[in-house]
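The residues making up each chain are set out below.
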Amino acid sequence: MMRQLFIIATASFWLLLLGFASSDRWLPNQVQAPLLIARGNFRTLGEVARHKTADDCWMAINGEVYDLSSYLPEHPSEPEVIKVWCGREASEAYRTKMKNRAHSARADRQLAEYRIATLQDR
Ligand code: HEM
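An unreviewed UniProt entry lists the protein under the name Cytochrome b5 domain-containing protein, with Candidatus Accumulibacter phosphatis as the source organism. Taken verbatim from the UniProt record of the protein, the Sequence similarities (unreviewed entry) comment is "Belongs to the cytochrome b5 family."

Right, let's get into the site of the ligand. Taken together, 20 residues form the shell around the ligand, and within it H75, K97, R101, H103 and S104 come nearest. Residue K97 places a side-chain N or O atom 3.0 Å away from an oxygen atom belonging to the ligand. At 2.4 Å, a side-chain N or O of S104 approaches an oxygen atom of the ligand. Of all the secondary-structure elements, those providing two or more residues to the shell around the ligand are α4 (79–83), α5 (91–96) and α6 (105–113). Grouping the amino acids of the shell around the ligand by side-chain chemistry returns 13 nonpolar, four polar and three charged.

Looking now at the environment of A90. Mapped onto the elements of the fold, A90 is located in the loop between β4 (88–89) and α5. Once the C-alpha coordinates of A90 and A60 are considered, the two residues, 30 residues apart in sequence, prove to be 5.8 Å apart. Residues within four places of A90 in sequence aside, it is in contact with M59, A60, I61 and W85.

About the thresholds
Residues numbered from 1 in each chain as written. Predicted model: local features only at pLDDT ≥ 70, side-chain atom pairs only at ≥ 80, totals over all residues. Heavy atoms only, no water. UniProt positions renumbered as here; feature names shortened; annotations may be inferred. Near = heavy atom within 4 Å. Polar contact = N/O pair within 3.5 Å; in protein donor to acceptor, adjacent residues only side chain to side chain. Helix = DSSP H or I, 4+ residues; strand = E, 2+ residues; numbered from the N terminus. Nonpolar A, V, L, I, M, F, W, Y, C, P; charged D, E, K, R; others polar. Contact = heavy atoms within 4.5 Å.

The structure is reproduced here in structure tokens:
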């Protein structure tokens, strides 16, 4: 009886420990994002520049880096209007739509979904 109790207690202890050690893997995305920032997920403009095609399209906007590859076909303008900004610093373009008009709050919310990193200055 004591032996069984001892085995159960030991097994529970290690299971609990394992659970704590790997718990952040099971956290939902909203919780994982700040963890990624805390761990320093930074990309430089040089790295952004390597993703400059429509199929592989990163942009730096307001200090954050976005992978917009899957969003491009959904953008409600002529494809060229947004494609030319792939691989570039595009804060001004996003802020003005290149015609002195701001994007909507809905656009801002969509943009946030594509964030992959924070922009590193150098
Ligand atoms: C960075 C370069 C970009 C440029 C030059 C650009 C330009 C434009 C233009 C010309 C329009 C259509 C005309 C208009 O509504 O005034 C438009 C609409 C829109 N764009 Fe962009 N866009 C850019 C990036 C983005 C990104 C990254 C997103 C979101 C992930 C986005 C989301 C939208 C949405 C949702 C609309 C519909 C109108 C609105 O909600 O503001 N755009 N954009």
